[in-house]
Amino acid sequence: MSRRLLVLGSTGSIGTQAIDVVGRSDDLEIVGLSAHSAWEALVEQAVAHGVRRIALADPDAAARAAEAWTDGEVLSGPDGLVRLVVESGADIVLNALVGSAGLGPTVAALGEGIDLALANKESLVVGGELVTQLAEATGARLLPVDSEHAALHHLLRAVPAGSLERITLTASGGPFRGRSRDELADVTVEEALAHPTWSMGGKITIDSATLMNKGLEVMEAHHLFGVPYEKIEVVVHPQSIVHALVETVDGAQLAHLGLPDMRIAIAYALHHPELADLPTRRLRLAELGRLEFEPVDEEAFPCLRLARQAAQAGGTAPCILNAANEVAVHAFLEGRLAFLGIPEVIDATLQEVPAGPVEAFESLYEADHAAREAARRIVERLGERAAARGGAGEL
Ligand code: NDP
Ligand code: MG
C-alpha cells in the first residue's frame, strides 16, 4: 500500500525536486500541496497529481486559485496550511517552506504524530528542543532533508551508541570564497545569487554566500543528533562532493560522497530506512582527480560565528538571530542593504533584543516578532547612514 505524502512548499526548489522523486516511486502518493502565492503553478501540480486539497499562505492567491480551480478545495492563510497538515491523514509531511513560517506546520505535523521530512531548517533552529521533544512525545520521526544532515543520518547508522567523537559539516564557501572583507563591500545581488555548486531558492542561496546557512546547519545538526556544539566542525569544501563526515572514538572517519543532487537527500528522507533507485549522475573519483578543503574565514564571513554565539547562548537567541537574518536577507535581495550589512543587522539585533528562556512556542513567536521589528529599524538606520554618505547601499 502506498504511503500518503503531503508536500508543503511544493512550488519551490526542494518541492519540485520532491515531486520528481515521488514520480519515480510506487510507494508514495501525494495527498496535498501548498505554496505561498504561486497559485497557478500549485493548481497545475494538483491537476497533474490528482490532488484534491491545496493551501496558499497568501489569502489573495488562495481566493484566485479557488475561483479558477473548482475540482478541489483551497485552504487559505497560515491557518489553512496548519489545517491542511492536521486534516491530511498523511503518513509523512515534507516541510519545504522557507523561513520561520515553517515552524507552525512543523509543530502541527509532529503534534499529530506524523513523520516529518524536514527541509525547513529554520523551524528547527527556532523551535530547537521544543520541536525535538514534541517528536519524542508523539513518536513521529524527524527525517532530515538538508544534504549534510541526510548524509549524517545515513552515516550514523554505522556508529554504535557511545562511539561518536565528532561530526563535520562541509560548506561550499559560496560564490565569494577566498575574498577578503574589503572585497565583499560592494558585491551585487546577482553575484551573491550565483552559487557555484547548488541551484536553490533565493534565501538559502544568500545564506550560503554569507555562510549563515552553515551556522543554521550547525544548530540543525545539534538538535537532530544531540551532538554538543563543540563537537560539530565546519570545513570549506568547494566541490560539494563530500557532504558530511563522522569521526568515531577509534580515530576513523566515515564520509558521505556524491555529486551535488538534492534528490538523493530528499529520497533518503522520504524512503527511510529504504534507499531509492535514482537516475542520478554517478561520481567517479578518478575523473574528478582531487578534493579540496580549507578552513572558514570568519573575519570575512562573521555569520557563522554569530550563529555559534547565539546557539551557545540558547533560549530565544537562535530565534532572534534567525528573524534578523530573514529581514536582512530580504532587504539585501531588494537592494536596500549591502552584503556586509547582513551580519551587521544580525549583530545589532542580537544586542538590541534581549534573549530570554523558551517556556513555550509562544515565547518564540514573541521573540520572532520583536526581532523582526528591531531588524527592520536597523536596516532603515543603516540605509539612512549610507544615503547621508552618498553611497548607494554602502555602509
Ligand atoms: P524556495 O524559495 O525555492 O521555495 C519555498 C517554497 O515555500 C515555495 O513553494 C514557496 O511558495 C513557499 N513559501 C515561501 N514562503 C512561504 C510562507 N511564508 N508561507 C508559506 N509558504 C511559503 O526555497 P527552497 O526550496 O530553496 O528551500 C526550502 C527550505 O529548504 C528552506 O528552509 C531551505 O533552507 C531548505 N533547503 C533547501 C535546499 C535547496 O537545495 N533548495 C537545500 C537544503 C535545505 P511560492 O512559490 O508561492 O513562493
Ligand atoms: Mg545544506
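This is a predicted model, so every value here is computed, not measured.

Draft legend 1. Broad picture of the site of ligand 1. Inspection of the region around ligand 1 gives 25 residues, with T11, S13, S37, A38 and E122 positioned closest. Contact distances for ligand 1 include 2.9 Å between an oxygen atom and a backbone N or O atom of H36. For ligand 1, whose unbound accessible area comes to 900 Å², protein coverage reaches 85%. Looking at the shell around ligand 1 residue by residue, the classes come out as 13 nonpolar, nine polar and three charged.

Draft legend 2. Examining the environment of A209 more closely. Mapped onto the fold, A209 is located in helix α9 (residues 202–210). Under the relative-accessibility criterion, A209 is labelled buried at 0%. Between the alpha carbons of A209 and F176 there is a distance of 6.5 Å; along the sequence they are 33 residues apart. Discounting residues that sit within four places of it in the chain, A209 has contacts with P175, F176, A192, F301 and F339.

Draft legend 3. Representation of the state of the cysteines within the structure. On inspection of all chains with the given rule, the structure shows zero disulfides. For the unlinked cysteine C303, the closest cysteine sulfur is that of C319, found at 17 Å.

Draft legend 4. Focus on empty space enclosed by the protein. Counted by the stated rule, this structure contains one cavity of 30 Å³ or more. By volume, the largest cavity amounts to about 40 Å³. As for the largest cavity, its lining consists of T210, A300, F301, P302, C303, F339, L340 and P343. Residue composition of the lining of the largest cavity, grouped by class: seven nonpolar, one polar and no charged.

Draft legend 5. The arrangement of the sheet that holds strand β9 (residues 232–236) in detail. Across the sheet, which stays open at both edges, the four strands sit in the order β9-β8-β10-β11 with mixed pairing between neighbours. Of all the strands in the sheet, just β9 and β11 (253–257) have a single pairing partner and so form its edges. Pairwise comparison of adjacent strand axes, ignoring direction, gives a mean angle of 20° for this sheet. As paired strands, strand β8 (residues 164–171) and β9 are joined by five bridges and run parallel to one another. The partner of T168 across the bridge, within β9, is E233. Those strands touched by helix α10 (residues 212–225) are β8 and β9, and its axis lies near 150° from that of β8.

Draft legend 6. Focus on the environment of G178. Along the chain, the position of G178 falls in the loop between β8 and α8 (189–192). Linking G178 and A300, residues 122 residues apart in sequence, is a C-alpha distance of 8.9 Å.

Draft legend 7. Broad picture of the side chain of D207. Mapped onto the fold, D207 is located in helix α9. For D207, a relative accessible area of 2% puts it in the buried group. Apart from the residues within four sequence positions on either side, D207 is in contact with M212, N213, L216, N325 and V329.

Draft legend 8. Quick peek at the coordination of the magnesium ion (ligand 2). Taken together, the protein ligands of the magnesium ion (ligand 2) are D146 (OD), E148 (OE) and E217 (OE), with distances of 2.1 to 2.2 Å. Within one chain, the residues serving as donors to the magnesium ion (ligand 2) are arranged as D-x1-E-x68-E. With respect to burial, D146 and E148 carry one shared label: buried.

Draft legend 9. Representation of the layout of surface pockets within the structure. Counted as a void, the second largest pocket has a volume near 480 Å³. Contributing to the lining of the second largest pocket are 24 residues, with H256, L257, G258, I264 and T280 lying nearest its centre. Along the lines of polarity and charge, the residues of the lining of the second largest pocket split into 14 nonpolar, six polar and four charged.

Draft legend 10. Broad picture of the packing of helix α6 (residues 121–138) against helix α14 (residues 317–333). The N-to-C vectors of α6 and α14 enclose an angle of 140°; their axes lie 7 Å apart at closest approach. Contact residues: α6 offers E122, V125 and V126, while α14 offers P318, C319, N322 and E326. Residue composition of the contact of α6 with α14, by class: four nonpolar, one polar and two charged.

Draft legend 11. Broad picture of the packing of aromatic side chains. Counted by the stated rule, this structure contains two aromatic pairs. Their ring planes at 80° and their centres at 5.1 Å tell us that F176 and F339 sit as a pair that is edge-to-face. Here the residue F176 occupies a position in the loop between β8 and α8, and F339 occupies one in the loop between α14 and α15 (341–352), the gap between them amounting to 163 residues. Under the relative-accessibility criterion, F176 is labelled buried at 1%. F339 gets classed as buried once you look at its relative accessible area, which sits at 3%. With a centroid separation of 5.7 Å and 70° between ring planes, the pair formed by F332 and F339 is classed as edge-to-face. An aromatic cluster of at least three residues, connected via ring pairs, comprises F176, F332 and F339.

Draft legend 12. Focus on the nonpolar core. Counting residues in hydrophobic clusters, the biggest one holds 91 residues, and the most contacted among them are V93, L321, F339 and I342. Examining the composition of this core, we find that 11 residues originate from one element, α14, more than from any other. Apart from the residues within four sequence positions on either side, I342 is in contact with I206, T210, N325, A328, V329, F332 and L337. Within the second largest apolar cluster, 40 residues are counted, among which are I14, A18, I30 and A96.

Reading the values: the criteria
Residues numbered from 1 in each chain as written. Chains lettered and ligands numbered in written order. Predicted model: local features only at pLDDT ≥ 70, side-chain atom pairs only at ≥ 80, totals over all residues. Heavy atoms only, no water. Near = heavy atom within 4 Å. Polar contact = N/O pair within 3.5 Å; in protein donor to acceptor, adjacent residues only side chain to side chain. Areas by Shrake-Rupley, 256 points an atom, 1.4 Å probe, with all protein chains shown as cover. Nonpolar A, V, L, I, M, F, W, Y, C, P; charged D, E, K, R; others polar. Helix = DSSP H or I, 4+ residues; strand = E, 2+ residues; numbered from the N terminus. Buried < 20%, exposed > 50% of the residue type's maximum accessible area, 1.4 Å probe, protein only. Contact = heavy atoms within 4.5 Å. Disulfide = S-S within 2.5 Å. 1 Å grid on protein atoms, 1.4 Å probe; cavity = no way out; pocket = protein on both sides within 12 Å on 5 of 7 lines; lining within 4 Å. Points joined across faces, edges and corners; volume = space filled by probe spheres on them. Pairing = 2+ DSSP bridges. Axes fitted to C-alpha atoms, helices over the stretch in contact; angles between N-to-C directions. Donors = N, O, S within 2.8 Å, 3.2 Å for Na, K, Ca; no water. Phe/Tyr/Trp six-rings, centres within 6.5 Å; stacked < 30°, edge-to-face > 60°. Core = buried A, V, L, I, M, F, W, Y, C linked by side-chain atoms within 4.5 Å.

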